[in-house]
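# Commentary on secondary and tertiary structure
Residues per chain are reported as follows:
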Amino acid sequence: MTDVPIIRVRGLTTRFGDHVVHDGLDLEVARGEILGVVGGSGTGKSVLLRQIIGLLDPAAGRIEVLGQPVTGTTPQSFRKLRRRWGVMFQGGALFSSLTVRENVEIPLREQTDLPQALRETLAAIKVRMVGLPQDAMGKHPAQLSGGMRKRAGFARAIALDPEIVFLDEPTAGLDPIGAAALDTLIGQLRDALGLTVFLVTHDLDTLHAICDRVAVLAERKVLAVGTIAELRALPHPWVHDYFSGPRGRAAAGER
Ligand SMILES: Nc1ncnc2c1ncn2[C@@H]1O[C@H](COP(=O)(O)OP(=O)(O)OP(=O)(O)O)[C@@H](O)[C@H]1O
């Protein structure tokens, strides 16, 4: 990891009408780390992710990714920047009418001029990298299990060899074995590809298994960020209940 943050959020304020979701939120993500983002329901984890990737404008604040501004930039600069990250939304968010190959090819089709044959070859490599069998390429999402759909979504997220991958609740809806396998895959790909991973999750096992640091969203800001051991030492009630309640202790391997 270097000292220069790969993602930098400063003074972020988010409002929907009178509802203030974030109020002066600050966050930095280091290159090469897996950062888990946790918080109670409605604390604005998914909204934060969408703002960092430029899908939603904040009311105030500054967001920089890879040293470039995300807000207030030209469409051309933004297009260049967005090629450098990949996103997997909840459930994989695949197009149901397209095959896995066609889904994985979407970023290659939209953001490169590569010929069809090369797009297919690259899609096949990504599908293999996420541990899907080659015959999954011709299948539609409805023909896949939930875990396979997530893997296909992951293959699409890494289609353009991104530097950062954003994952919104990747293990939601998976059985514990499938979830653990996906955690392992995320960790392996981070190591193999040198990815930075920004991961919104409720899954305590994921946090323990692969996250280098965890950011806690509460009280309209990032209340704390650190290792799980550091967070467990905090007296804040939500942080305490989350990490040191029965599920938190079980995920930590305690009784
Ligand atoms: N487009 C929108 N218009 C109005 N309100 C919105 C919009 N998007 C999100 N919100 C509100 O912003 C708040 C934060 O939403 P967000 O989806 O980020 O929560 P979250 O922390 O990801 O929650 P969960 O853990 O339940 O998924 C919620 O109160 C939500 O209703």
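Please refer to the structure placed before this passage.
First, a word on scope: everything that follows refers to the structure included in this document. (Residues numbered from 1 in each chain as written. Predicted model: local features only at pLDDT ≥ 70, side-chain atom pairs only at ≥ 80, totals over all residues. Heavy atoms only, no water.)

## Regarding the packing of helix 3 (residues 100-111) against helix 4 (residues 116-129)
- Between helix 3 and helix 4, the shortest axis-to-axis distance is 9 Å and the interhelical angle comes to 115°. Note that helix 3 runs across helix 4; the crossing there is right-handed. Together, Val100, Arg101, Val104, Glu105, Leu108 and Arg109 of helix 3 and Gln116, Arg119, Glu120, Leu122, Ala123, Lys126 and Val127 of helix 4 make up the contact between the two elements.
- A per-class count over the contact of helix 3 with helix 4 returns six nonpolar, one polar and six charged. (Axes fitted to C-alpha atoms, helices over the stretch in contact; angles between N-to-C directions. Helix = DSSP H or I, 4+ residues; strand = E, 2+ residues; numbered from the N terminus. Left-handed = near helix turned anticlockwise from the far one by under 90°. Contact = heavy atoms within 4.5 Å. Nonpolar A, V, L, I, M, F, W, Y, C, P; charged D, E, K, R; others polar.)

## A word on the packing of aromatic side chains
- Counting across every chain of the model gives five aromatic pairs.
- On the numbers, 6.1 Å between centres and 85° between planes, the contact of Trp85 with Phe166 is edge-to-face. Taken together, the residues span a long stretch of sequence, with Trp85 in strand 6 (residues 85-88) and Phe166 in strand 7 (residues 164-168) at a distance of 81 residues.
- Look at Phe166 and you get buried, because its relative accessible area is 0%.
- Ring centres of Tyr242 and Phe243 lie 4.9 Å apart, and the angle between their planes is 90°; on these two criteria the pair is classed as edge-to-face. Across the pair, Phe243 and Tyr242 agree in class, each one buried.
- Ring-pair connections join several aromatic residues into one group, and the members of that group are Phe78, Trp85, Phe166 and Phe198. (Phe/Tyr/Trp six-rings, centres within 6.5 Å; stacked < 30°, edge-to-face > 60°. Buried < 20%, exposed > 50% of the residue type's maximum accessible area, 1.4 Å probe, protein only.)

## Some details on the pattern of salt bridges
- The full count for this structure, using the stated rule, is 15 salt bridges.
- Put simply, Lys126 and Asp161 hold a salt bridge, and the shortest N to O gap is 2.4 Å. Taken as a pair, Lys126 in helix 4 and Asp161 in the loop between helix 5 (146-157) and strand 7 lie far apart in primary sequence, 35 residues in all.
- Judged by its relative accessible area of 55%, Asp161 falls in the exposed class.
- Measuring nitrogen to oxygen at the nearest pair gives 2.8 Å for the salt bridge that ties Arg190 to Asp191.
- A cluster of three or more residues bridged by salt bridges with shared partners is formed by Arg101, Glu105, Arg109, Arg119 and Glu120. (Salt bridge = Lys/Arg side-chain N within 4 Å of Asp/Glu carboxyl O.)

## Here we look at the sheet that holds strand 10 (residues 221-226)
- Within the open sheet, the six strands sit side by side as 6-7-8-3-9-10. Their pairing is mixed. Every interior strand has two partners, whereas the edge strands, strand 6 and strand 10, have only one. On average, adjacent strands in this sheet sit at an angle of 15° to one another, irrespective of strand direction.
- As paired elements, strand 7 and strand 8 (residues 196-200) share five bridges and run parallel to each other. Bridge pairing in strand 8 places Leu167 opposite Leu199.
- Contacts from helix 5 reach strand 6 and strand 7 within the one sheet, and its direction differs from that of strand 6 by about 160°. (Pairing = 2+ DSSP bridges.)

## Concerning the environment of Leu25
- Position of Leu25 relative to the elements: it lies in strand 2 (residues 19-30).
- Not counting chain neighbours up to four residues away, the residues in contact with Leu25 comprise Val9, Arg10, Gly11, Leu12, Leu48, Leu217, Arg220, Lys221 and Val222.

## Re the sheet that holds strand 5 (residues 68-69)
- Taken together, the four strands give an open sheet; going across it, the order is 2-1-4-5, and neighbouring strands pair in antiparallel fashion. Across the chains shown, the open sheet's two edge strands, defined by having one partner strand only, are strand 2 and strand 5.
- Note that strand 1 (residues 5-16) and strand 2 share nine bridges and pair antiparallel. Each residue of the ladder has a partner; that of Phe16, found in strand 2, is His19.
- Of the strands in this sheet, strand 1, strand 2 and strand 4 (60-65) touch helix 1 (residues 45-52), which is tilted by about 120° from strand 1.

## Side note on the site of the ligand
- Neighbouring the ligand are 13 residues, the closest being Ser41, Gly44, Lys45, Val47 and His202.
- In this structure, Ser41 approaches the ligand through a side-chain N or O atom, which is 2.5 Å from an oxygen atom.
- Within the side chain of His202, an N or O atom sits 2.8 Å from an oxygen atom of the ligand.
- Within the complex, the protein chains bury 60% of what would otherwise be the 640 Å² of accessible surface of the ligand.
- Of all the secondary structure elements, the ones that give two or more residues to the shell around the ligand are strand 2 and helix 1.
- The element contributing the most residues to the shell around the ligand is helix 1, with three residues.
- Partitioning the shell around the ligand into residue classes produces three nonpolar, eight polar and two charged. (Near = heavy atom within 4 Å. Polar contact = N/O pair within 3.5 Å; in protein donor to acceptor, adjacent residues only side chain to side chain. Areas by Shrake-Rupley, 256 points an atom, 1.4 Å probe, with all protein chains shown as cover.)

Coordinates in, geometry out; function isn't part of it.
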